[in-house]
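# Observations on the three-dimensional arrangement
What follows is the residue order along each chain.
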Amino acid sequence: MEVVKGHEMRDIDRYTIEELELPGPVLMENAAMAVVSETINQVREAKRVVICCGVGNNGGDGFAIARILQCNHVQVSIAIIGDYEKIQGDAYTNFQVARNLEIPMIACRTEDDLADLAQLLSCADVIYDAIFGTGLSRHITGIYEQAIHCINQSNAYIIAVDTPSGVHVDTGQILGMAIRANRTITFCLPKVGLLLHPGTDYTGELVVADIGIPDKSIRYVKPSMMLMDDHMCKHLLPKRKQESHKGTYGKTLMIAGTSNMAGAAVMTTLAAYRAGTGLVKVFIEENVAHTIPSCVPEAIVETYCRGEFLSKVDKEKLIANLEWADAVAIGPGLGNDSITRELLECVLRYYHKTLVIDADGLGSLSLDKAILDTASCDIIITPHLGEMARLTRSTVEEVSKDIIGVAQAFSKQYNLVCVLKSARTIITSPEDDTCINVYGNAGMATAGSGDVLTGIIVSLIAQGLKPYDGALLGVYLHSKAGDCAKKNLGEYGLMATDVIRHLPDVMK
Ligand SMILES: NC(=O)C1=CN([C@@H]2O[C@H](COP(=O)(O)OP(=O)(O)OC[C@H]3O[C@@H](n4cnc5c(N)ncnc54)[C@H](O)[C@@H]3O)[C@@H](O)[C@H]2O)[C@H](O)CC1
Ligand SMILES: [K+]
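Residues numbered from 1 in each chain as written. Chains lettered and ligands numbered in written order. Predicted model: local features only at pLDDT ≥ 70, side-chain atom pairs only at ≥ 80, totals over all residues. Heavy atoms only, no water.

With respect to the helices, strands and loops of the structure, Cys123 is situated in the loop between α5 (114-122) and β5 (126-130). Spatially, the C-alpha atom of Cys123 lies 8.4 Å from that of Ser154, the residues being 31 residues apart in sequence. (Helix = DSSP H or I, 4+ residues; strand = E, 2+ residues; numbered from the N terminus.)

As structure tokens, then:
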């Protein structure tokens, strides 16, 4: 399913009304009907339902909702937040009709009106937030801030119309104050800010309602972002033929592990096998090489001596393995020293297929991104917020404020696929593809989780997936396996190796 920014939604609305000539009032009526049909069971038993309306078209939806609820014999009142003399157009029509129906209304224009609002809200069972929708464009202040505070203070069940007022629909940032909704009924397509933290924490259960906007309008605007879903990923799974051998499913090379972090190499190797690759070689320093066969007997080990520099023999061994491999991953548990840098430089110079750079490989890359210019391979990076902050010489806080924008910019600037990992993982390509993953859970914030993801992605690449598709499917399988593991183990006890164990179930 596509995901839209505010301006894309407004363009879709505009194209529908102005080019297809589907009247705005029809869309507004459909929107109101959609909200009522989604929520009527919740409000039918309610004694007091209050619709808080702004003075734009989101408010217009609210007036129409009030009318339809009253027609369904629900006891409704309206609180107009802001200067009702600004109400115009389709919103004004619905405002007039609500007034003609003598639906009880209060106007909340200044602080003096707050007492009436508080009184009205204090006995509400259900409150509809129809204050701001996609038109929210600046920080919430004044009477709006006080009204939203009042609504959040009430004990009512809160239903947001299109968006929880105060959430920035493009970034999910809170513009000063925002409605904490129990449920949000958004129109036509999900707004990206409702999927990202902290906005998603204010959205409650998100329902996407069809309001009769033709697909033609969506195809005309061509939203650039997608929401990860089962359908999108299922067809990406590499097919397995009966007459095949281990080489058919790709040869994977892991450049991972050092003396105190051999486990990372084990987990990334196990994950790669569980994700279906036929053969994994691990290029690992000789004094920890024994951990691999003891933990993953199926793996082949290639050792090197980790001194000050890579010896000529070891360098030639690495180059030979790069030629052997169908996909390579570098970084998990590799250490932050000059050897890691030398290994990365060697891979970027002599390898020509697809490379996944993760963990310490990213640490080395952030010291000098110019080595990417020497790369003759396709690259996928899998940074978490901290690694992305280092890569962009920024801070976690700055990156968190616009995770989509940061990932998109880095993909474009360095011509690579970026998997920016956080509670919402963003996958971007140099060709402007963007996908948001909402699967996964807090239990996956545990040591080794990133190593497992790297193993899955590089395994899928070895099986023939293109970089962006391999990243998409890898993130999907990893987070779904994490959700399966949570179901059986809960979040507290969930470990990275549990994600690996649950991977086959998800792939089946
Ligand atoms: N147009 C359509 O085809 C449909 C629209 N639907 C609904 O309309 C809203 C979008 O309505 P819009 O009038 O563009 O803006 P809002 O109602 O969201 O905002 C009202 C108004 O408020 C002003 N404003 C913005 N930020 C602030 C602020 N911080 N403080 C005070 N005032 C602010 C600004 O001028 C806005 O115009 C959409 O979400 C749908 O709910 C229909 O439902 C479908 C068709
Ligand atoms: K709203």
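Right, let's get into the pairing of strand β3 (residues 76-81). For β3, the buried fraction is high: 6 of the 6 residues fall into the buried class. Both faces of β3 are covered, namely the face carrying Val76, Ile78 and Ile80 and the face carrying Ser77, Ala79 and Ile81. Where strand β2 (residues 49-53) and β3 come together, 5 bridges link them in parallel fashion. Bridged to Cys53 within β3 is Ile80. Where the polypeptide runs from β2 across helix α3 (residues 57-71) and back to β3, its parallel neighbour, the crossover connection is right-handed. Where β3 and strand β4 (residues 105-108) come together, 4 bridges link them in parallel fashion. Bridging from a neighbouring strand, Ala79 pairs with Ile106 of β4. You can see the chain leave β3, run along helix α4 (residues 89-100) and come back into β4, and the turn it takes is right-handed. (Buried < 20%, exposed > 50% of the residue type's maximum accessible area, 1.4 Å probe, protein only. Pairing = 2+ DSSP bridges. Right-handed = clockwise from strand over helix to strand, strands pointing away.)

Turning next to the coordination of the potassium ion (ligand 2). Looking at the potassium ion (ligand 2), one finds its protein donor set to be Asn58 (OD1), Asp129 (O), Phe132 (O), Val161 (O) and Thr163 (O), positioned 2.5 to 2.9 Å from the metal centre. Overall, Thr163 belongs to the buried group, its relative accessible area being 1%. (Donors = N, O, S within 2.8 Å, 3.2 Å for Na, K, Ca; no water.)

Through backbone hydrogen bonds, the strands of a sheet pair up, either in parallel or in antiparallel fashion. One open sheet accounts for 7 strands, arranged β4-β3-β2-β5-β6-β7-β8; its pairing is parallel. Looking at strand neighbours, the two that pair on one side only are β4 and β8 (205-209), the edges of this open sheet. When strand polarity is set aside, the average angle formed by the axes of neighbouring strands in this sheet is 20 degrees. Contacts from helix α2 (residues 24-44) reach β2, β5, β6 (157-161), β7 (183-187) and β8, with the element oriented near 160 degrees to β7. (Axes fitted to C-alpha atoms, helices over the stretch in contact; angles between N-to-C directions. Contact = heavy atoms within 4.5 Å.)

Once that is clear, we can look at the packing of aromatic side chains. Across all of its chains, the model carries 7 aromatic pairs by this definition. Residues Tyr15 and Tyr220 carry aromatic rings whose centres are separated by 4.0 Å and whose planes lie at 20 degrees to one another, so their mutual orientation is stacked. Of this pair, Tyr15 sits in helix α1 (residues 6-19) while Tyr220 sits in helix α8 (residues 215-221), placing them 205 residues apart in sequence. Residue classification places Tyr220 among the exposed positions, given a relative accessible area of 53%. The interplanar angle of 55 degrees and the centroid separation of 5.3 Å between the aromatic rings of Phe63 and Phe95 together place this pair among those described as tilted. With a gap of 32 residues between them, Phe63 in helix α3 and Phe95 in helix α4 connect regions that are remote in the sequence. Comparing Phe63 with Phe95, the two get one shared label, buried. Grouping aromatic residues by their ring pairs yields a cluster made of Phe63, Tyr92 and Phe95. (Phe/Tyr/Trp six-rings, centres within 6.5 Å; stacked < 30°, edge-to-face > 60°.)

Moving on, we come to the UniProt feature "binding site: AMP" (unreviewed entry) in the protein chain. This chain's UniProt record puts "binding site: AMP" (unreviewed entry) on Lys421, Ser422, Ala423, Arg424, Thr425 and Gly450. The greatest C-alpha distance among the residues just named is 14.0 Å, despite their covering 30 residues of sequence, which places them together in space. Of the annotated residues named above, the ones that line the second largest pocket are Lys421, Ser422, Ala423, Arg424, Thr425 and Gly450. If we skip the residues at most four places from it in the chain, Ser422 touches Leu385 and Ile403. Within the structure, the side chain of Ser422 is placed 2.7 Å from the backbone oxygen of Arg424, a separation counted as a polar contact. With respect to the secondary-structure elements, Gly450 resides in helix α18 (residues 449-462). (UniProt positions renumbered as here; feature names shortened; annotations may be inferred. 1 Å grid on protein atoms, 1.4 Å probe; cavity = no way out; pocket = protein on both sides within 12 Å on 5 of 7 lines; lining within 4 Å. Polar contact = N/O pair within 3.5 Å; in protein donor to acceptor, adjacent residues only side chain to side chain.)

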